[in-house]
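Chains, contacts and geometry: an overview
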Amino acid sequence: SWLRARHDAVHLVGWCQGARTALLAAATKPEVLASLALITPSVLPSARAAARAAAARAAGDDTARVPVGITGADLTVDPVLARALDADPLRTLHVTRRMQAALAAERAAVPAAWDRVRGLPRLVVLATDDALVDNEAVVELLGRAWPDAVVRHLPGGHALQLEHPRALAEVWRSFRGSNRQGDAT
């Protein structure tokens, strides 16, 4: 593999929808990975997030685009950071209907992926004040699918890497330190 030829170990990390994508990618080629980390994974949305997404889809009057319906306050409990996220001219306001269908297909593929990555060291980081992820449902799912996974809870909202980058980095360093498997740093 291209990755293994260039690196002793590959650690795949994904946040939000990227965590779901990372899980699916890991399930495709778990043998090339040293570990998998899912940061506030959007595998099970909170009731609030699911209702908001449904309302946004229903409100979409453009057949080509669907409003995302997520604000800065959904991503962080820090009001200054929330305003900055809302003001970001590059933030995603809409997705295409095609992208929406692709995301739905990705969500449908997730259940089969859990078993395929069981042999990997796995880290899941949840945010205590996450408005987008149903943490209780995720913990329950992990208890069934990955009872040996390392699960950590950090204070903050969905965008932990923005609110508490040092704490998240420390969780990652601790996880990596306990799951070395001969990798070069």
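Right, let's walk through the structure included here. (Residues numbered from 1 in each chain as written. Predicted model: local features only at pLDDT ≥ 70, side-chain atom pairs only at ≥ 80, totals over all residues. Heavy atoms only, no water.)

**Observations concerning the sheet that holds strand β5 (residues 122-127)**
The pairing of strands in a sheet happens through backbone hydrogen bonds and is either parallel or antiparallel. In plain terms, the rule: Strand pairing follows a simple DSSP-based rule, namely that at least 2 bridges must link the two strands. Secondary structure follows DSSP: runs of H or I at least 4 residues long count as helices, runs of E at least 2 residues long count as strands, and numbering of each begins at the N terminus. Interaxial angle, 0 to 180 degrees, is taken between N-to-C directions of lines fitted to C-alpha atoms, where a helix line uses only the stretch in contact. Whether two residues are in contact is decided by their heavy atoms, any of which lying within 4.5 Å being enough.
The 4 strands lie next to each other as β1-β2-β5-β6, forming an open sheet whose pairing is parallel. Strands with a single pairing partner mark the edges of an open sheet, and in this sheet they are β1 (11-15) and β6 (150-154). Averaged over all pairs of adjacent strands, the angle between their axes in this sheet comes to 15 degrees, without regard to strand direction. Here strand β2 (residues 35-39) runs beside β5; their pairing, made up of 4 bridges, is parallel. Paired with Leu 38 across the two strands is Val 124, which belongs to β5. Packing against the sheet, helix α2 (residues 17-28) makes contact with β1 and β2, and its axis sits at approximately 145 degrees to β1. Relative to β5, helix α9 (residues 165-178) is tilted by about 160 degrees, and along the sheet it contacts β1, β2, β5 and β6.

**Some details on the pattern of salt bridges**
Test applied: The rule for a salt bridge is simple: a side-chain nitrogen of Lys or Arg has to be within 4 Å of a carboxyl oxygen of Asp or Glu. Burial classes follow relative accessibility: with a 1.4 Å probe on protein chains only, a residue under 20% of its type's maximum area counts as buried, one over 50% as exposed, and anything between as partly exposed.
Following the criterion strictly, the structure yields 8 salt bridges and no others. A salt bridge links Glu 106 to Arg 20; the shortest N-O distance between them is 3.0 Å. One end of the pair, Glu 106, is in helix α6 (residues 97-116); the other, Arg 20, is in helix α2, and 86 residues separate them in sequence. As far as the burial class goes, Glu 106 and Arg 20 line up, both buried. For the salt bridge of Arg 48 with Asp 74, the shortest nitrogen-to-oxygen distance reads 2.7 Å. Residue Arg 48 is found in helix α3 (residues 47-59), and its partner Asp 74 is found in helix α4 (residues 72-75); the two are separated by 26 residues along the sequence.

**Digging into the environment of Asp 115**
Selection rule: Whenever a nitrogen or oxygen atom comes within 3.5 Å of another N or O atom, the pair is scored as a polar contact, on the condition that within protein one atom can donate a hydrogen and the other can accept it, and that pairs from neighbouring residues in sequence are kept only if both atoms are in side chains.
Residue placement: Asp 115 occurs in helix α6. When the C-alpha atoms of Asp 115 and Ala 145 are compared, they prove to be 7.0 Å apart, with 30 residues separating the residues in sequence. Within the structure, Asp 115 has its side chain in polar contact with the side chain of Arg 118 (distance 2.9 Å).

**What to know about the side chain of Ser 46**
Looking at the secondary structure, you find Ser 46 in the loop between β2 and α3. Residue Ser 46 is classed as buried on the basis of its relative accessible area, which comes to 10%. Once you skip the residues sitting within four places of it in the chain, Ser 46 turns out to touch Ala 131, Leu 132, Val 133 and Asp 134.

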